[in-house]
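# Structural features, examined
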Amino acid sequence: MKRRRIIFLLLWILSLVAVSFYGGAISYGLFWGITLVPVISLIYLILFFSQFRIYQEIQSRNIVCKQAMPYYFTLPNETFYSFAGLNVRMFSGFSYVTDIPEDEEYELLPGDSHTYHTNLVCKYRGEYEVGVKEIVVTDFFRLFRFRYRIHGTIKALVYPRLIQKKELSSIKDIIDVSNLQSEINKTEADVITRDYVPGDPLKYIHWKASAREQKLKTRNLLGERKQGVLILYDTKRFYPKEEAYIPLESQILETVLALCYHFGEKGIPFSLLCGQNGAKKLEATGLSQLEYVYQETCQIRFDEREDGERLLEQVVQERLHLQARSLIMVAHRVSDGLMWRLLQFSGEGLPVMLYLVTDEDAEEVIRQSNSRLKIMVLPITGDLEELL
């Protein structure tokens, strides 16, 4: 197109020179003919932008991530003149349309229309625009190109997918440790002690053990630690732009749901805890309650005011870690306070698994792992079916 403009400009200059030095009907005719070309192109583009319409529809705006949804769009020509040089551009950041040739140009005679039935696939959980984004139109002489932004685009509400894997190799070591801990809890005496945690009843403080170790110790009663798994996930929104936070939040929720299915399928009771302007807790004992957990998780909203460290403080205040067989946390970033609390839990004998959903360097965090604190990095756009 740039070359065409240069050639057109040279022709116009030559016609101007001919008019200036030679005159005559031919020179003037050539000059005015070339001069009117951009005017005609401009009139065509004005008519196009004022009269062009596009129709598109999706079977349902409620979509499950990575599942194909029937979709179609129609390019009609409802005018008395032809359309030429139409190129359809789709929203491609979070979704894609199958079987649509890229960079194909369409020409429509008066009364013609092109309808394409295909499928639309959304890559991430969230609410965003899908389908046709804009039409790129080129004039008949291919001198100018303009973008026609579609009004009334389709906004899809995309739910996270439920990854149904019976075995998750990433938590096998943690579950084995927690099984061992479970057996110890069943057989050891009722006077086993642990470090005192603010909120523990004073009547359970073991004064002799406290004097011996020079710090407060409290009795670890038999049956205090139950056979459930506590799953925490951070719902803090870290980024203002959609292209940054939508893939991240989608990966966090899909990781959580994969864990829920795994424990539900094995009949292991689990509790979900996250921040929703206060702690939101869900509990399940098997697959029969998984649909309820899924629907509630789909409604979770991420907010910049949420804080994973504050969520762990809630766990301590309600003594939830004392009722857990193991603790799993899914987060994007780990503050010093949050890591200190996880290390404290693991030091008290509670197996801890931390999934860090990030593309950043996490070597410093990983170095703090130990036999009871396992840390695994999940890339934001990584394939969870393989990673987990």
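Quick note: structure is the one above.
Now for a look at the structure at hand. Starting from 1, residues in each chain are numbered consecutively following that chain's sequence as written. Only residues with pLDDT of at least 70 get local features here, since the model is predicted, and only at 80 or more are side-chain atom pairs given and counted; chain-wide, interface and lining totals rely on the full set of residues. Processing note: side-chain calculations cover all non-hydrogen atoms of the structure and skip hydrogens and water entirely.

## Focus on the state of the cysteines
Cysteine sulfurs are considered disulfide-paired once they come within 2.5 Å of each other. For the coordinates displayed, the defined rule picks out zero disulfides. Cys122 provides the cysteine sulfur closest to Cys65, a residue in no disulfide bond, and the two sulfurs are 7.6 Å apart. Buried residues are those whose accessible area, probed at 1.4 Å on protein chains only, stays under 20% of the maximum for their type, while exposed residues exceed 50% and partly exposed ones sit between those limits. Accessibility expressed as a relative area gives 1% for Cys65, which makes it buried.

## Structural notes on the sheet that holds strand β10 (residues 145-149)
At least two bridges found by DSSP between two strands are what make those strands a pair. Note on conventions: DSSP H or I runs of at least 4 residues are helices, E runs of at least 2 residues are strands, and numbering of each starts at the N terminus. Strand order in the open sheet formed by four strands is β6-β4-β9-β10, with antiparallel pairing between adjacent strands. Looking at the sheet topology across the chains shown, the edges are occupied by β6 (105-108) and β10. Strand-to-strand twist across the sheet, computed as the mean angle between neighbouring axes with direction ignored, equals 35°. Sheet analysis places strand β4 (residues 83-90) next to strand β9 (residues 132-138), joined by five bridges and oriented antiparallel. The partner of Met90 across the bridge, within β9, is Val132. Every residue pair with non-hydrogen atoms within 4.5 Å of one another is taken to be in contact. The angle between two axes is taken between their N-to-C directions and runs from 0 to 180 degrees, where each axis is a line fitted to C-alpha atoms and a helix contributes only its stretch in contact. With respect to the sheet, helix α2 (residues 25-51) is in contact with β4, β9 and β10, its orientation differing from that of β9 by roughly 155°.

## Brief notes about unusual backbone geometry
Positive phi outside glycine occurs at Lys66, with the angle close to 65°. Residue Lys66 is classed as partly exposed on the basis of its relative accessible area of 42%. In this structure, Asn277 takes a positive phi of about 55° despite not being glycine. By secondary structure assignment, the location of Asn277 is in the loop between β15 (270-275) and β16 (279-284). Assessed through its relative accessible area of 77%, Asn277 is described here as exposed.

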